[in-house]
Number of protein chains: 2
Amino acid sequence: MAKDDHAGVDVAEFIATVGLRHAYRLSYLTSAIVTAGYDAVKRETGLIRGEYLLLLCLSHQKISTAQDVARMTRRPRNTISRAVHRMLDEGYIDRAPDPSDGRQSKLTITAKGRAMQTRIEQILSEREEEVVAPLSADDHASLDAILQKLVRHAASLKD
Amino acid sequence: MAKDDHAGVDVAEFIATVGLRHAYRLSYLTSAIVTAGYDAVKRETGLIRGEYLLLLCLSHQKISTAQDVARMTRRPRNTISRAVHRMLDEGYIDRAPDPSDGRQSKLTITAKGRAMQTRIEQILSEREEEVVAPLSADDHASLDAILQKLVRHAASLKD
DNA sequence: GGCACATTGTTCCAAATGGAACAAGAATCT
DNA sequence: AGATTCTTGTTCCATTTGGAACAATGTGCC
């Protein structure tokens, strides 16, 4: 009868009253988009988060080290390290020791990896579009500008 | 020398070129704010995510069931179930069987729990303010409006 | 050069996480 | 009323996760 199928709670109303500026809403939305997409990717491709993040990074950044990926994704290095091994085994990426720095290796995505990454972005995009459907073109532009500003700043913070 | 302390990657530039509308930026920011705050909370209070989310929900919603909390936080029921037990043990919440529905129990936050929740919101707020510092008042208003719109819509999607 | 310190990638391990199955109660249908 | 289906909260278990310690290499400083 009510417009809301769910039982008792009005999620939106709760979220409007939380004593934090944007954190809770951001977190909720990220769950709604990313976590849901993440589950879909795992179901359809078997890849888990660290793995497709790795592919995503390598597809847009021609060459990176594992550490770079860790920074770009804000995930701990050991997570990325594991992902690198699995993606090497699957033939999605290549690795070559860096001659100028013996500690690190340069990672590149293979053609097979790029195909997989395209498929993954497709899956994530579908879910995202579903969630952001109610935004106007102006909204999209504003959101984009604000998020870019925030990301730029957040990336400069230590930790 | 460069304005960026880090080694090679320009995170912001990468994030600007990802082939997804907002998903990656949202995810990155949520990490920067929430995950960092989450670590701080764990360090300072010993509470983990499911647990402080539970307190957060109960502090703003006078009475809820575990299922309500699961929906408000987009976390699986078993996570919340565990959190309920631990918070009961700590005396942060109370639980009373619902006479009108034998399956569920009504949860309420105690005074002790409310004190803890205040402290947690403080910690999370600090980190959030640090990240959103570069936003103007207009930005805040826009972001707020957009996020509310999105949350409302996301909450209505199944899954 | 040598010595302290930082960085990269890795392994280990304890903890958190979430899917699946379950029991008990409620709702629906005939 | 009984049968079927749904919902709530829980336990079980396998997987994911990330902190800490580590070896190997690089950097800065005297």
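As a reminder, the structure under discussion sits directly above these lines.
Structure report, in brief. (Residues numbered from 1 in each chain as written. Chains lettered and ligands numbered in written order. Predicted model: local features only at pLDDT ≥ 70, side-chain atom pairs only at ≥ 80, totals over all residues. Heavy atoms only, no water.)

**So, the overall build of chain A**
Stated precisely, the cut-off is as follows: Secondary structure elements are defined from DSSP: runs of H or I of at least 4 residues count as helices, runs of E of at least 2 residues count as strands, and each element is numbered from the N terminus. Only protein chains enter the accessibility calculation, which uses a 1.4 Å probe; a residue is then buried when its area is under 20% of its type maximum, exposed when over 50%, and partly exposed in between. Any two residues having at least one pair of non-hydrogen atoms within 4.5 Å are treated as being in contact. For the accessible areas, the method is Shrake-Rupley and the probe is 1.4 Å, while residue cover comes only from the protein chains on display. The sign given to each residue is positive for Lys and Arg and negative for Asp and Glu; His and the chain ends receive no count. Taken as the charge location is NZ of Lys, CZ of Arg, CG of Asp or CD of Glu.
Scanning chain A for helices and strands turns up seven helices and two strands. The order of helices and strands in chain A, counted from the N terminus, is α-α-α-α-α-β-β-α-α. Looking at chain A as a whole, 50% of its 159 residues are labelled buried. Within chain A, contacts between residues at least 6 apart in sequence are counted, and of these 53% link residues at least 24 apart. A total of about 7,800 Å² of accessible surface is found on chain A, and carbon and sulfur atoms cover 49% of it. If you average the places of the 23 positive and of the 22 negative side-chain charges in chain A, the two averages end up 8 Å apart.

**Structural notes on the pattern of salt bridges**
Cut-off, in case you're wondering: Only one rule defines a salt bridge in this text: a Lys or Arg side-chain nitrogen within 4 Å of an Asp or Glu carboxyl oxygen.
The full count for this structure, using the stated rule, is ten salt bridges over all chains. With a closest N to O distance of 2.8 Å, Arg-103 of chain A and Asp-101 of chain A form a salt bridge. We note a salt bridge from Arg-127 of chain B to Glu-130 of chain B, for which the minimum N-O separation is 4.0 Å. Of the two residues, Arg-127 of chain B and Glu-130 of chain B are both situated in helix H6 (residues 111-132); the distance of three residues between them amounts to about one turn of the helix. Judged by its relative accessible area of 35%, Glu-130 of chain B is partly exposed.

**Notes on the relation of the copies chain A and chain B**
Going by this rule: Superposing copies: least-squares fit, C-alpha atoms only, residues required to have pLDDT of at least 70 in both.
Taken as rigid bodies, chain A and chain B are interconverted by a rotation of 180° and an axial shift of 0.0 Å, the fit giving an RMSD of 0.1 Å. The superposition operator between the copies reduces to a two-fold rotation axis. Taken as a fraction of all interface residues of chain A, those also at the interface in chain B reach 100%, which identifies the copy contact as same-surface.

**Some words on the protein's contact with DNA strand D**
The line we're drawing: In this text, near means that some heavy atom of the residue lies within 4 Å of the molecule or strand in question. Side-chain atoms alone can form a polar contact between residues adjacent in sequence; in general such a contact is a pair of N or O atoms within 3.5 Å, and within protein one must be able to donate a hydrogen while the other accepts it. Any residue that is not Ala, Val, Leu, Ile, Met, Phe, Trp, Tyr, Cys, Pro, Asp, Glu, Lys or Arg is counted as polar, Gly included; the first ten are nonpolar and the last four charged.
Not every one of the 24 residues close to DNA strand D is listed here, only the nearest: Asn-78, Arg-82 and Gly-102 of chain A together with Gln-67 and Arg-95 of chain B. Considering DNA strand D, the proportion of its atoms within 4 Å of the protein that are sugar or phosphate atoms stands at 58%. Between DNA strand D and Asn-78 of chain A there is a distance of 2.3 Å, counted from a base oxygen to a side-chain nitrogen or oxygen. Contact between DNA strand D and Ser-81 of chain B: a phosphate oxygen at 3.1 Å from a side-chain N or O atom of the residue. Residue assignment for the surface near DNA strand D shows that the elements contributing at least two residues are helix H5 (77-90) of chain A together with helix H4 (66-73) and helix H5 (77-90) of chain B. Residue classes in the surface near DNA strand D are distributed as four nonpolar, ten polar and ten charged.

**Points about the layout of surface pockets**
Where we set the bar: Here a cavity denotes a set of grid points, spaced 1 Å apart and computed over the protein atoms alone, in which a 1.4 Å probe fits but from which it cannot get out, and a pocket denotes an open set meeting protein on both sides within 12 Å along at least five of seven lines; residues with an atom within 4 Å of a point are reported as lining. Grid points are joined across faces, edges and corners, and a volume is the space filled by probe spheres set on the points.
Here the largest pocket defines a volume of roughly 1,300 Å³. Around the largest pocket, the lining is made up of 44 residues, and of these Ser-31 and Thr-35 of chain A together with Arg-74, Arg-75 and Pro-76 of chain B lie nearest the centre. Within the residue set of the lining of the largest pocket, elements represented by two or more residues are helix H2 (23-45) and helix H6 (111-132) of chain A together with helix H2 (23-45), helix H3 (49-60), H4 and H5 of chain B. Considering each element in turn, the lining of the largest pocket owes the most residues, twelve residues, to H2 of chain A.

**Regarding the nonpolar core**
Nonpolar side chains in soluble globular proteins generally cluster together in the buried interior. Quick reminder of the rule: By nonpolar core we mean a set of buried residues, namely Ala, Val, Leu, Ile, Met, Phe, Trp, Tyr and Cys, connected to one another through side-chain atoms within 4.5 Å.
In terms of nonpolar packing, the biggest core is built from 100 residues, with Leu-54 and Leu-55 of chain A together with Leu-54 and Leu-55 of chain B touching the most fellow members. Each residue touching Leu-55 of chain A, except ones within four places of it in the same chain, is listed here: Leu-47, Met-87, Tyr-92, Ile-93, Ile-109, Gly-113, Met-116, Gln-117 and Ile-120 of chain A.

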